[in-house]
Amino acid sequence: MSAPSAALQRLRLRTELRRARTSADLTQREVAKMMEWSPSKLIRIEAGEVGISINDLRSLLAAYGITDRRKIDALLDLARGSRKMPFTEYRDLYGKEVLQFLALESAATIIRQYSSLVLPGPLQTEEYARAIMRAYDKGIADEKLDRAVEARLARQEQLTSGAGSDRQLFYILDEAVVRRQVGGRGVMRAQLERLSELATQPGITLQILPLSVGAHPGIMGPFTLFEFETDEMPDSLFIENSRGDTYSTNAPEESGRYLERFWELEDLALKDGVDSLLRLLAARVDAGSDDLEALLRTESGEAA
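The sections below set out a description of the structure shown in this document. (Residues numbered from 1 in each chain as written. Predicted model: local features only at pLDDT ≥ 70, side-chain atom pairs only at ≥ 80, totals over all residues. Heavy atoms only, no water.)

### As for the environment of tyrosine 247
- Position of tyrosine 247 among the secondary structure elements: in strand β6 (residues 246-249).
- Between the alpha carbons of tyrosine 247 and leucine 237 there is a distance of 8.1 Å; along the sequence they are ten residues apart.
- Excluding residues within four positions of it along the chain, tyrosine 247 makes contact with Leu237, Phe238, Ile239 and Glu254. (Helix = DSSP H or I, 4+ residues; strand = E, 2+ residues; numbered from the N terminus. Contact = heavy atoms within 4.5 Å.)

Laid out in structure tokens, this is it:
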């Protein structure tokens, strides 16, 4: 098995440091005073927002009364492995919530995402991504737009190039997502063709939720679930609203409810023949009026 990602190692270290402090019966304020740190430094370390130097970690473990050499070495290895977090070079573009999302995305072995308005970032072509970002911010500078697109394509490469090995990706798209002509007909045609290719890749499951199903469990909006290779890391849930605000939690009850919601959507969504359906939509993108299930029936009839 490959070595754990930097993101997963930092998440593990964060969990272990919280556990060690709690076992030592110390508050964050007490520890910060002992270490002569600002309270915010310890809070950010325990939140996984920043790394910790080897020397600081040694001192912190001594403060917690940890003397077991194997445990100390294991935690030091986690600190070394977590130094290079993914996408930190884009701190000028993203806030800490988005960077946390990207870290979890890079570390997860199973990703489940329901999208109701636009395509998930890792599925977007460069032209589609540019059109979406222009729609979000009409005044965005060209240089900033180029870097944002670069980051989005890097996410795509990271996720889809390794699909079929350890990582499993599950995407459910509302029909409106594949109908909306983002960037114009040519851009959308190329995007649908790309989606058709992705739908056939090992490790990627792509489904479409027809408008004809009416009200459904995803009507409240898009969400993403992350699952990890180790039981030490609980499942994580991310929800983003129309203003771009992100809510996240790893509370088992809430992530469990959304997992059940995702399974319900899977039962309602089209799965078989999605690659063929997307090719048909790409070919007929100028018309944009065919019913999805009717298209599938047409395709079946043509194949027969």
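### Thoughts on the packing of aromatic side chains
- Under the counting rule described, the total for this entry stands at seven aromatic pairs.
- Residues phenylalanine 101 and phenylalanine 238 carry aromatic rings whose centres are separated by 5.1 Å and whose planes lie at 85 degrees to one another, so their mutual orientation is edge-to-face. Remark: phenylalanine 238 occurs in strand β5 (residues 236-240) and phenylalanine 101 occurs in helix α6 (residues 96-107); sequence separation between them is 137 residues. Each member of the pair phenylalanine 101 and phenylalanine 238 is classed as buried. (Phe/Tyr/Trp six-rings, centres within 6.5 Å; stacked < 30°, edge-to-face > 60°. Buried < 20%, exposed > 50% of the residue type's maximum accessible area, 1.4 Å probe, protein only.)

### A word on the nonpolar core
- Core analysis: the biggest nonpolar cluster contains 53 residues, and Val178, Leu192, Leu195, Phe226, Phe228 and Leu278 have the highest contact counts within it.
- Tallying contributions element by element places α6 first for this core, with six residues.
- Apart from the residues within four sequence positions on either side, phenylalanine 228 is in contact with Leu8, Leu104, Ala107, Ala108, Thr109, Met233, Pro234 and Ser236. (Core = buried A, V, L, I, M, F, W, Y, C linked by side-chain atoms within 4.5 Å.)

### Thoughts on α6
- Counted at 1.5 Å a residue, the expected span for α6 with its twelve residues is 16 Å, and the 16 Å between its end C-alpha atoms agrees.
- In this fold, the buried residues of α6 make contact with α1 (6-23), β1 (110-115), α8 (142-160), β4 (223-227) and β5. (Expected span 1.5 Å × (residues − 1).)

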